[in-house]
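Commentary on secondary and tertiary structure
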Amino acid sequence: MLTRIADELASRVDDLGFGPPVAHVYNPLVYACAAHHAYLRLAGAGPRRVVLLGMNPGPWGMTQTGVPFGEVACVREWLGIDVPVEPPAVQHPKRPILGFDCPRSEVSGRRVWGWAKQRFENPEAFFKRFLIWNYCPLAFLLESGANLTPDRLPAREKAPLFQACDRALRQAVEALEPRLVVGIGAFAEGRARRALEGLNVPVGRMLHPSPASPAANRGWREQAERELCALGVRFQS
């Protein structure tokens, strides 16, 4: 079910157009679909989990591996996913798609999956409690190679993109029947509240692990767990 939702979302957003200042768009649900499918199969199905909702792929994480917050070493060594990634024909010269050969480490992904590894015995134990899903599957790059987050797109471009992403998130939540959806950051929380209106699924927020956040650099793991506990998520000692 989740692979079908992801594939339909990939197709819908792949048909959208984006103008300046966006110079290049990556859709890892297309060129890294094998890795993304492997992730969704590993995550599996099952109700009453907590869905952790990210914003969109980072340049050294999901953009390379097809896995949400997918820092290469964490995906390969802890999740056990290491499959070929077929780079798109057109790439940004400053942000090539190297897949699992990418030498860069994404801090946000290292924090998220590092927390999961530290807290849970194995990926199966983590996925019994949580699933990570990205709201928007596209990565937007400026001419300089810098990342542009989807909230900064022009309104005329955001509208069809958000419509497709809202639909996919709603379908995923209907299929998963989670007990809670937690936006990783304010943007993800806000989109979840809009997309899931009427579904009677609680929505909360936790701190985003980005190194651009001074708060996240002061012990993201401890703050994230405090926020999850405040939302009713309990951890074994």
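Thresholds, definitions, all that
- Residues numbered from 1 in each chain as written.
- Predicted model: local features only at pLDDT ≥ 70, side-chain atom pairs only at ≥ 80, totals over all residues.
- Heavy atoms only, no water.
- 1 Å grid on protein atoms, 1.4 Å probe; cavity = no way out; pocket = protein on both sides within 12 Å on 5 of 7 lines; lining within 4 Å.
- Points joined across faces, edges and corners; volume = space filled by probe spheres on them.
- Helix = DSSP H or I, 4+ residues; strand = E, 2+ residues; numbered from the N terminus.
- Nonpolar A, V, L, I, M, F, W, Y, C, P; charged D, E, K, R; others polar.
- Pairing = 2+ DSSP bridges.

Concerning the layout of surface pockets
Roughly 450 Å³ of internal volume is contained in the largest pocket. With three residues, the single largest contributor to the lining of the largest pocket is helix H9 (residues 186-195). Taken as a whole, the second largest pocket holds about 150 Å³ of empty space. Forming the boundary of the second largest pocket are Val-13, Asp-14, Leu-16, Phe-18, Val-25, Tyr-26, Asn-27, Val-30, Tyr-31, Pro-88 and Leu-138. Residue assignment for the lining of the second largest pocket shows that the elements contributing at least two residues are helix H1 (2-14), strand E1 (24-26) and helix H2 (28-31). A class-by-class count of the residues in the lining of the second largest pocket yields nine nonpolar, one polar and one charged.

Quick notes on the sheet that holds strand E4 (residues 139-141)
Strands sit in the order E1-E4-E5 across an open sheet of three strands; the sheet is antiparallel. Strands with a single pairing partner mark the edges of an open sheet, and in this sheet they are E1 and strand E5 (147-148). Alignment of E1 against E4, held across three bridges, turns out to be antiparallel. By the bridge assignment, Tyr-26 is partnered in E4 with Ala-139.

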